[in-house]
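# Report on the structure
Residues per chain, in single letters:
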4 protein chains.
Amino acid sequence: MLKDKAPTSGSRQKTLRVRKSEATRKRILDAAAILFGDQGYTATTLRQIAKRARIDAGSIYYYFASKEEILDEVMEIGIRSVSEAVEQAVGELPPESSHRRRLEVAVETHMYTLLRYSAYTSANIAIFAQVSRKAQDRNRLLRKRYAAFWNDIFEAAQDAGEISATADLSLVRLFLLGSVNWSMQWYDPKKKNSIDELAHSFCTMLFDGIGPK
Amino acid sequence: MLKDKAPTSGSRQKTLRVRKSEATRKRILDAAAILFGDQGYTATTLRQIAKRARIDAGSIYYYFASKEEILDEVMEIGIRSVSEAVEQAVGELPPESSHRRRLEVAVETHMYTLLRYSAYTSANIAIFAQVSRKAQDRNRLLRKRYAAFWNDIFEAAQDAGEISATADLSLVRLFLLGSVNWSMQWYDPKKKNSIDELAHSFCTMLFDGIGPK
Amino acid sequence: MLKDKAPTSGSRQKTLRVRKSEATRKRILDAAAILFGDQGYTATTLRQIAKRARIDAGSIYYYFASKEEILDEVMEIGIRSVSEAVEQAVGELPPESSHRRRLEVAVETHMYTLLRYSAYTSANIAIFAQVSRKAQDRNRLLRKRYAAFWNDIFEAAQDAGEISATADLSLVRLFLLGSVNWSMQWYDPKKKNSIDELAHSFCTMLFDGIGPK
Amino acid sequence: MLKDKAPTSGSRQKTLRVRKSEATRKRILDAAAILFGDQGYTATTLRQIAKRARIDAGSIYYYFASKEEILDEVMEIGIRSVSEAVEQAVGELPPESSHRRRLEVAVETHMYTLLRYSAYTSANIAIFAQVSRKAQDRNRLLRKRYAAFWNDIFEAAQDAGEISATADLSLVRLFLLGSVNWSMQWYDPKKKNSIDELAHSFCTMLFDGIGPK
DNA sequence: AATGAATGAGCGTTCATTCAT
DNA sequence: TATGAATGAACGCTCATTCAT
């Protein structure tokens, strides 16, 4: 019994250390995500990241081999975050939900992640177009998978007759997600519209149109 | 009159010089617009701009006081370009045109300017979110004016009964222009969709919705 | 006549500027040669070079693309300096000079260049073994040419019977130039031996041996 | 005695620990010697040394107070190694051996240690000129002693009439050891010349000269 | 006896900017 | 009108070193 204690204490210490180490790593990533999203990748300096993460600039290299490696990880987490959140939210819907409802929840969750929950997702959406082709390529597979998930929802809706049979689904996706992602540029959390309302309005406009009845 | 008819040799030289000077200035701005749009503001160096404009990096300061001044001018031209193009295109429509038609032309022209015609407009849309608050503010008035123009179109359409009376026009604008501006991120001039078709599809989805009839 | 003056003055100015520019470039190289020779390539910082050249560290990059480019040029000048000095000195000897005399002059000039005249040559000899293989390779052709020059002298001497027919000339060269280059490690300009005497002693030992007569 | 016969389990552990500790220490020094010799002192990082010694970079400080302390020890071992090897080899010669033979053996052993056996000696010879004056000074006494040993051999040879009475022995030493040490720069273990032959050739050239008989 | 985490100074290099000409 | 030369601050990154465990 007594004997057992020491090793346990030892492994507990190790665990604590590992946790602390991972906490530092996360602080760096968090800081980077916020700054990348705000100022862009190039405009963000490692010293800014370090300051925000409350460590010395040099220490970053204990965790990451280069600024670009931080970028990659931020971008990856960014897509994974939305993907997982959206897939989970949609997956949790009662099976009898309408496809329109599924889409609404998807939009809502995507917007919520983008605008509120994940600095990583905002960063990804905000800087993707301006990082190097190579960095883009490293993120592309995940993006494709996420896009495929949306296409699946749209197709199911069309098959079920909830979307007009003549609609070009790829275009619909670009149309809807364009508006949704662009909201990042004007959404002000301090102002009126709740994200839920916004998502609902977007879906209503998309499904029913704004023309007269 | 006199001036035009028989300019002294001296003033002709001056005119030529002024013209040359302005041509150089334009070359600098053109270069900056393209590079800012491609790589972002921070990632673009004055030496890159100078190289593209075929002058010496130091010479830029003969025309501009700072990199930021170039940014301001690029951004301003960016908004002015779309504004003018769109307002002109809409203004040239026959008075009896439907409001929906007016909107379609507005979208078409905006997209055309953004995706094809003006590197300034692409740069503006691409980098606005990531330049300093101050630089954004310096561009804000023009943006507001342009937004007001769109609102006018929407209001007229609503007044004429072409848009449902219950639609929140501000939101409609954000929804539509979001998709439109976002197209910059995925539009590939080498691929199928013509800009005209794209604009038309977007308007159709917006007005008629994608739901079943 | 009068007309001619202005352009002349212009080109004179240009010439002056070019000269000043080249003077700065040379100051950088001179500083680098001395420091590389004293401390080694890695241990020498660009800031040290800049300080010695009386410019700002950043300015070095107006003249050189990298520290390694400075290294290359220092190394190249180092070999060229000895090569040219030695070849010229030997070439200026009266044609009837003995081959032993030619060798003595070659040794003398090589040592003089190495120990007194050229910081570039000392640097080259001092750091060659410790720079990257690539940097070595970039210097190798010039070294081979210089070695070939020495071989020619030795062969001529052997053909003329001034060197024993059985001597392995490559080994003789390595033996002699080894001693000569190594002198860099112990030669103290403040102490007794003049370089001329040193060179003479070395040649005498090599030709006549130190064994009893 | 007692200790050796029946060491307590505690002391045996201590002995093992001490041995392990010294083994680690040696691994660090070995690694440092090789790397210093290959790349120079400044170009070698503690992390490279640690990697080669298969320990963590921070752990080096358990054994050495600083990088410079490692340098000192490497340099000291470097000179001690040749000194001891050469003195022993010469000491083991039959008393009736000629002085020329003694010198030949000394040269042979010095070269063998430098070129084959001891990374410490190569490091010492390779980097001495480029470490700080202080580090040089800390090595100087040992070097002087080693030089004195050579001088003794030369003097004995001269006294015995095997070296011309007029030869300047200090210069002879510098001449010979210069060639010998310089061999480090060109000797290629993969190529023809055995070290023994090389040493013999050098001595023959030195004693008999290369001039015609 | 050894490690993992962190530091901070300094490195090679870049960049917007200045200024004499 | 424009350039070539230079600056100096800051950048991404490396390194010897420290220290709690």
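Residues numbered from 1 in each chain as written. Chains lettered and ligands numbered in written order. Predicted model: local features only at pLDDT ≥ 70, side-chain atom pairs only at ≥ 80, totals over all residues. Heavy atoms only, no water.

The local shell around DNA strand E holds 39 residues, among which Y62 and Y63 of chain A, Y61 of chain C together with D56 and Y63 of chain D are the closest. Take the atoms of DNA strand E that sit within 4 Å of the protein: sugar and phosphate atoms are 67% of them. Contact distances for DNA strand E include 2.8 Å between a phosphate oxygen and a backbone N or O atom of L46 of chain C. One of the side-chain N or O atoms of R47 of chain D is found 3.5 Å from a base nitrogen in DNA strand E. Only α1 (2-39) and α3 (60-63) of chain A, α3 (46-52) of chain B, α2 (46-52) of chain C together with α2 (9-39) and α4 (60-63) of chain D provide two or more residues apiece to the surface near DNA strand E. Counted by class, the surface near DNA strand E contains 10 nonpolar, 17 polar and 12 charged residues. (Near = heavy atom within 4 Å. Polar contact = N/O pair within 3.5 Å; in protein donor to acceptor, adjacent residues only side chain to side chain. Helix = DSSP H or I, 4+ residues; strand = E, 2+ residues; numbered from the N terminus. Nonpolar A, V, L, I, M, F, W, Y, C, P; charged D, E, K, R; others polar.)

Let us now look at the relation of the copies chain A and chain B. Screw-axis analysis of chain A against chain B gives a translation of 0.0 Å along the axis, an RMSD of 0.2 Å, and a rotation angle of 179 degrees. Overall, the copies show the geometry of a two-fold rotation axis. Closest to the rotation axis within chain A is the C-alpha of G209 of chain A, separated from it by 2.0 Å. By residue overlap, the copies meet face to face through one surface: 100% of the interface positions of chain A are interface positions in chain B. (Least-squares fit on C-alpha atoms with pLDDT ≥ 70 in both. Contact = heavy atoms within 4.5 Å.)

Next up on the list: the environment of D30 of chain C. All names here are of chain C. Summarising the element assignment, D30 is placed in helix α1 (residues 2-39). For D30, a relative accessible area of 25% puts it in the partly exposed group. Remark: the alpha-carbon pair of D30 and V18, spanning 12 residues in sequence, is separated by 18 Å. (Buried < 20%, exposed > 50% of the residue type's maximum accessible area, 1.4 Å probe, protein only.)

Let us look at the protein's contact with DNA strand F. With respect to spatial proximity, 39 residues lie near DNA strand F, and among them Y61 of chain A, D56 and Y63 of chain B together with Y62 and Y63 of chain C are the closest. If you look at DNA strand F and keep only atoms within 4 Å of the protein, 67% of those are sugar or phosphate atoms. At a separation of 3.4 Å, a base nitrogen of DNA strand F approaches a polar side-chain atom of R47 of chain C. Measuring from a phosphate oxygen of DNA strand F, one finds a backbone N or O atom of T44 of chain D at 3.2 Å. Residue assignment for the surface near DNA strand F shows that the elements contributing at least two residues are α2 (46-52) of chain A, α2 (9-39) and α4 (60-63) of chain B, α1 and α3 (60-63) of chain C together with α3 (46-52) of chain D. Classifying every residue of the surface near DNA strand F gives 10 nonpolar, 17 polar and 12 charged.

Using the criterion set out here, one finds 36 salt bridges over all chains in the structure. For D137 of chain C, the salt bridge is made with R140 of chain C, and the minimal N-O distance between the two is 2.4 Å. Here D137 of chain C pairs with R140 of chain C, and both are found in helix α7 (residues 133-159), just three residues apart, close to one helical turn. With a relative accessible area of 38%, D137 of chain C lands in the partly exposed category. Look at R140 of chain C and you get partly exposed, because its relative accessible area is 27%. Through salt bridges that share partners, E68, D72 and R138 of chain A make up one connected network. (Salt bridge = Lys/Arg side-chain N within 4 Å of Asp/Glu carboxyl O.)

Right, let's get into the relation of the copies chain D and chain C. If you rotate chain D by 179 degrees and push it 0.0 Å along the axis, it lands on chain C with an RMSD of 0.2 Å. The residues that chain D uses at the interface reappear at the interface of chain C in 100% of cases, marking a shared surface.

Another aspect to go through is the nonpolar core. One finds W150 of chain A together with W150 of chain B to be the most contacted residues of the largest nonpolar core, which totals 81 residues. Setting aside anything within four residues of it in sequence, one finds W150 of chain A in contact with L103, A106, V107, H110, R173, L176 and L177 of chain A. Counting residues in hydrophobic clusters, the runner-up holds 80 residues, among them A89 and W182 of chain C together with A106 and F175 of chain D. (Core = buried A, V, L, I, M, F, W, Y, C linked by side-chain atoms within 4.5 Å.)

Applying the stated criterion across every chain yields a total of 22 aromatic pairs over all chains. Their ring planes at 35 degrees and their centres at 6.2 Å tell us that W150 of chain B and F154 of chain B sit as a pair that is tilted. Here W150 of chain B and its partner F154 of chain B are both found in helix α8 (residues 133-159), four residues apart, which amounts to about one turn of the helix. Assessed through its relative accessible area of 0%, W150 of chain B is described here as buried. You can call F154 of chain B buried: its relative accessible area is 0%. Between the aromatic rings of Y146 of chain D and W150 of chain D, the centroid separation amounts to 6.3 Å while the plane-to-plane angle is 85 degrees, which identifies the pairing as edge-to-face. (Phe/Tyr/Trp six-rings, centres within 6.5 Å; stacked < 30°, edge-to-face > 60°.)

What follows covers the interface of chain D and chain C. Frequently, the measure chosen for interface size is the accessible area removed from exposure when the parts meet. Listed as interface residues are 40 residues of chain D and, on the opposing side, 40 residues of chain C. Counting the surface lost from both chain D and chain C, the interface buries some 3400 Å², and carbon and sulfur atoms represent 66% of this. Of all residues in chain D, Q130, F175 and I210 of chain D give up the largest surface area on contact with chain C, accounting jointly for 24% of the area buried on that side. At the surface where chain D touches chain C, the tally comes to zero salt bridges. Run the count over chain D and chain C and you get 11 residue pairs in polar contact (both at pLDDT 80 or more). Elements that contribute at least two residues to the side of chain D that touches chain C include exactly α2, α7 (119-127), α9 (169-186) and α10 (195-208) of chain D. If one sorts the elements of the side of chain D that touches chain C by residue count, α9 of chain D sits on top with 11 residues. Here the residues of the side of chain D that touches chain C sort into 21 nonpolar, 15 polar and four charged. (Buried area = accessible area lost by both parts, 1.4 Å probe.)

This part is about the environment of A32 of chain D. All names here are of chain D. Along the chain, A32 turns up in helix α2. Along the sequence, A32 and T45 sit 13 residues apart, while their C-alpha atoms lie 9.1 Å from each other. With sequence-adjacent residues up to four places away left out, A32 is seen in contact with I49, I70 and V74.

All told, the structure shown has one cavity of 30 Å³ or more when counted by the stated rule. Of the pockets and cavities examined, the largest cavity occupies roughly 130 Å³. Around the largest cavity sit 16 residues that line it, and Q39, G40 and Q130 of chain C together with G40 and Q130 of chain D are the ones nearest its centre. For the lining of the largest cavity, the class distribution of residues is eight nonpolar, eight polar and no charged. (1 Å grid on protein atoms, 1.4 Å probe; cavity = no way out; pocket = protein on both sides within 12 Å on 5 of 7 lines; lining within 4 Å. Points joined across faces, edges and corners; volume = space filled by probe spheres on them.)

As a further point, take the domain arrangement of chain A. All names here are of chain A. What the domain assignment reports for chain A is domain 1 (1-64) and domain 2 (68-213). Facing 16 residues of domain 1, the contacting portion of domain 2 comprises 13 residues. Ranking the residues of domain 1 by area buried against domain 2 places L29, F36 and Y41 at the top, with a combined share of 45%. Along the contact surface separating domain 1 from domain 2 lie one salt bridge. (Domains from an automatic or database assignment.)

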